[in-house]
Amino acid sequence: MIDKIARSVADAMAGIPDGATVLIGGFGTAGIPNELIDGLIEQGACDLTVVNNNAGNGETGLAALLKAGRVRKIICSFPRQADSQVFDGLYRAGKIELELVPQGNLAERIRAAGAGIGAFFCPTGFGTQLAGDRETREIDGKHYVLEYPIRGDVALIKAEQGDRWGNLVYRKAARNFGPVMAMAAERTIATVHEIVELGALDPEHIVTPGIFVDKIVRIDRVATEAGGFRKAA
Amino acid sequence: MTMSYQRRTKDQLAARVAQDIFDGAVVNLGIGQPTLVANHLPAGREIILHSENGILGMGPAPAAGHEDYDLINAGKQPVTLLAGGAFFHHADSFAMMRGGHLDICVLGAFQVSATGDLANWSTGEAGAIPAVGGAMDLAIGARQTWVMMDLLTKKGESKIVAQCSYPLTGLGCVKRVYSDLATLECTPAGLKLIDKVDGLGHAELEQLVGLPIAP
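Residues numbered from 1 in each chain as written. Chains lettered and ligands numbered in written order. Predicted model: local features only at pLDDT ≥ 70, side-chain atom pairs only at ≥ 80, totals over all residues.

*Asks:* Teacher, can you tell me more about the overall build of chain A here?
*Replies:* The secondary structure content of chain A amounts to 6 helices and 13 strands. For 233 residues, the compact-globule estimate of 2.2 N^0.38 gives 17 Å, and chain A sits close to it at 18 Å. Viewed in the frame of its principal axes, chain A has a C-alpha envelope of about 50 × 45 × 40 Å. Counting all 233 residues of chain A, 52% fall into the buried class. Within chain A, contacts between residues at least 6 apart in sequence are counted, and of these 78% link residues at least 24 apart. (Helix = DSSP H or I, 4+ residues; strand = E, 2+ residues; numbered from the N terminus. Rg over C-alpha atoms; globule rule 2.2 N^0.38 Å. Buried ≥ 20, exposed ≤ 12 C-beta atoms within 10 Å, placed from the backbone. Contact = placed C-beta atoms within 7 Å.)

Spelled out as structure tokens, the structure:
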């Protein structure tokens, strides 16, 4: 019998090694799997490379993982935000390495890893600092930069509902990086707010088929908090 | 010298941009000033707003007390979804840009060159923490990239330049600049005038920009 349901967060996180590359879903606070990040802090793996769109909001979740000194390097598109003080401090102190990647390249490089693509030519960033010294090519009069996949040892993502085969649906714009990260890691762990019987999810509406998911953990629903912007006074 | 012309206010500028967005267009409004354009979309035109975090058919901010932080825009502020709207993942969202499916994107800028190079993600200041987000993908992805900005810096220097001195976001990607004083087209041959505020002479505008502008 296939049963991907983990009894607890701790159960799902067991065995993540030091030095792992961890893909973490979310855009700002939407879709951030805070419970899994707390589980990773508890679990103790260090010297991590984290891939996320941002670099933590406030003091909890990804910011707490950074603050705990577990992250050697972060690969993201938009670290600097109104509430990214934890990352800002570490970066200024030279205690964390940053690889800045345009947001669409981040998504596509992750997708490429999940889809078995060795590298791809992408127009984004051509002629800019962020193209670095990577190979470029002109194809049909347009300029492209060679981009390599970003693969994860582990992906931590947040979904809405799942079943024991690991099929997932998401909630609103909290979907963001979840589906591509699920494809791109050796082991994908997802939280859901509801576990349903096989067949209960409409097969026409399943967003991430269970083949991309290794463990799902049910968590209580907590309203997503605001983050990433400065509130008007 | 007394000025014989008035700058467009931020709302007037947003309305000027909105006036050029055609019925049926799919549009991405960048973070900051471009967001204001949404408040001025002409009645009677059906325009679909795209948000890079995975929304098509984005609606206005929710009423106080109805915020849902799983439904946010690229600036991470709460929004709503219109009937017919859709959610999708990030790779699809950026495929919509790069794949040429987005009609227009409106971005802010630090500098734009006469031939349409864009600098809007970094001032290159030493010690600043860099952040790029979707700026580079949007700049080269949409069928038309429009910039919305003040023509001059606070010091009175033109933000339209022969060559950007700030780090580039994209090469030759800006088609139009909507500014508080004039609307200009960037072409491989340089700037071309679309319109300017009343009372501002052509020669005076060229002097402010410091570059020739084809009438």
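*Asks:* Even after reading the chapter, I still don't get the overall build of chain B, so can you show me in this structure?
*Replies:* Along the backbone of chain B there are 4 helices and 13 strands. A compact globule built from 215 residues would reach a C-alpha radius of gyration of about 17 Å, and chain B, at 18 Å, matches this within 12%. Sorting the 215 residues of chain B into buried and exposed places 45% on the buried side. Here the contacts in chain B between residues at least 6 apart in sequence split such that 62% fall between residues at least 24 apart.

*Asks:* Please explain the sheet that holds strand β3 (residues 71–76) of chain A as it appears in this structure.
*Replies:* Backbone-to-backbone hydrogen bonds join strands into a sheet, with any given pair of strands oriented parallel or antiparallel. Residue and element names in this part refer to chain A. Ordered by their spatial adjacency, 7 strands build an open sheet running β4-β3-β2-β1-β8-β11-β13, and the pairing between neighbours is parallel. In this open sheet, the two edge strands, each paired with only one partner strand, are β4 (97–100) and β13 (215–218). Within this sheet the neighbouring strands show an average axis-to-axis angle of 20°, counted without direction. Where β3 lies against β4, 4 bridges are found, and the strand directions are parallel. In the strand pairing of β4, Cys-76 is matched with Leu-100. Of the strands in this sheet, β1 (21–24), β8 (152–158) and β11 (185–192) are in contact with helix α2 (residues 34–43), which crosses β11 at around 125°. (Pairing = 2+ DSSP bridges. Axes fitted to C-alpha atoms, helices over the stretch in contact; angles between N-to-C directions.)

*Asks:* I keep staring at the sheet that holds strand β10 (residues 168–169) of chain A and nothing clicks. Help me out?
*Replies:* The strand order β10-β9-β12 (chain A) describes an open sheet built from 3 strands, whose pairing is mixed. Sheet topology places β10 and β12 (194–195) of chain A at the edges, where each strand pairs with a single neighbour.

*Asks:* How should the pairing of strand β2 (residues 48–51) of chain B be read in this particular structure?
*Replies:* For a regular strand, the rule is simple: side chains alternate between the two faces of the sheet. All names here are of chain B. For strand β1 (residues 26–29) and β2, the ladder comprises 3 bridges, and the chain directions are parallel. Bridged to Val-26 within β2 is Ile-48. Taken together, the 2 bridges between β2 and strand β3 (residues 55–59) define a ladder with antiparallel strand orientation. The partner of Ser-51 across the bridge, within β3, is Ile-55.

*Asks:* It is not clear to me how the environment of A:Leu198 should be interpreted in this structure. Could you clarify?
*Replies:* Looking at the element boundaries, A:Leu198 is found in the loop between β12 and β13. Put simply, A:Leu198 and A:Lys172 are 26 residues apart on the chain and 22 Å apart in space, counted from C-alpha to C-alpha.

*Asks:* How should the pairing of β1(B) be read in this particular structure?
*Replies:* In this sheet, strand β5 (residues 104–107) of chain B lies alongside β1(B) in parallel orientation, the contact comprising 3 bridges. Bridge pairing in β5(B) places B:Leu29 opposite B:Val106.

*Asks:* Explain the interface of chain B and chain A here, please?
*Replies:* It is common to report an interface's size as the accessible area lost on association of the parts. Each side of the interface is counted separately: chain B has 32 residues, and chain A has 41 residues. The set of elements that each furnish at least two residues to the side of chain B that touches chain A consists of α2 (90–98) and α3 (135–141) of chain B. Its residues assigned to classes, the side of chain B that touches chain A comprises 17 nonpolar, 9 polar and 6 charged. (Nonpolar A, V, L, I, M, F, W, Y, C, P; charged D, E, K, R; others polar.)

*Asks:* Is there a simple way to explain helix α4 (residues 85–92) of chain A in this structure?
*Replies:* For the α-helix, the turn length of 3.6 residues means that residues three or four positions removed from each other point alike. Residues and elements named next belong to chain A. Buried within α4 are the following residues: Val-86, Phe-87, Leu-90 and Tyr-91. Seen along its axis, α4 keeps its buried residues to an arc of 125°; they face one direction. Elements that come into contact with the buried residues of α4 comprise α3 (62–67) and β4. (Arc of directions from axis to C-beta.)

*Asks:* Mind showing me how you'd approach the packing of helix α5 (residues 103–115) of chain A against α2(B) here?
*Replies:* A pair of packed helices can be characterised by two numbers: the angle between their axes and the separation between those axes. Following both chains from N to C, one finds α5(A) and α2(B) inclined at 120°, their axes separated by 9 Å at the closest point. The pairing of α5(A) with α2(B) is recorded here as oblique in orientation. In this structure, α5(A) meets α2(B) at a crossing whose hand is left-handed. Residue-level contacts link A:Gln103, A:Gly104, A:Ala107, A:Glu108 and A:Arg111 of α5(A) to B:His90, B:Ala91, B:Phe94, B:Met97 and B:Arg98 of α2(B). In terms of residue class, the contact of α5(A) with α2(B) is built from 4 nonpolar, 3 polar and 3 charged. (Parallel < 35°, antiparallel > 145°, perpendicular 65-115°, else oblique. Left-handed = near helix turned anticlockwise from the far one by under 90°.)

*Asks:* Before we go on, may I ask you to explain the nonpolar core in this structure?
*Replies:* In summary, soluble globular proteins display a tendency toward joint burial of nonpolar side chains. Counting 130 residues, the largest nonpolar core has A:Met181, A:Ala184 and B:Val147 as the members making the most contacts within it. Excluding its chain neighbours within four sequence positions, the residues that come into contact with A:Ala184 are A:Leu23, A:Ile110, A:Ala113, A:Gly114, A:Ile150, A:Arg151, A:Gly152 and A:Ala155. (Core = buried A, V, L, I, M, F, W, Y, C linked by C-beta atoms within 7 Å.)

*Asks:* Help me out: how do you make sense of the environment of A:Val154 in this one?
*Replies:* Residue and element names in this part refer to chain A. As for its placement among the helices and strands, Val-154 is situated in strand β8. Residue classification places Val-154 among the buried positions, given that 25 C-beta atoms sit within 10 Å. In this structure, Val-154 is in contact with Ile-16, Ala-20, Val-22, Ala-185, Glu-186, Arg-187 and Ile-189, ignoring residues within four places of it in sequence.

*Asks:* Help me understand the environment of A:Ala131, please; the structure alone is not making it clear to me.
*Replies:* All names here are of chain A. With respect to the helices and strands, the residue Ala-131 is situated in the loop between β5 (120–122) and β6 (136–139). Each C-alpha atom, one on Ala-131 and one on Val-145, is 6.6 Å from the other, the two residues being 14 residues apart in sequence. Every residue in contact with Ala-131, bar those within four places of it in the chain, is listed here: Gly-125, Phe-126 and Val-145.

*Asks:* When you look at the confidence of the model for chain B in this model, what are you seeing that I'm missing?
*Replies:* Reading predicted coordinates in detail is not appropriate for stretches of low pLDDT. Counting all residues, the mean pLDDT for chain B is 96, and 99% of those residues have values of 70 or more. Scoring of the predicted complex yields 0.96 for pTM and 0.95 for ipTM. (pLDDT = per-residue confidence, 0-100.)

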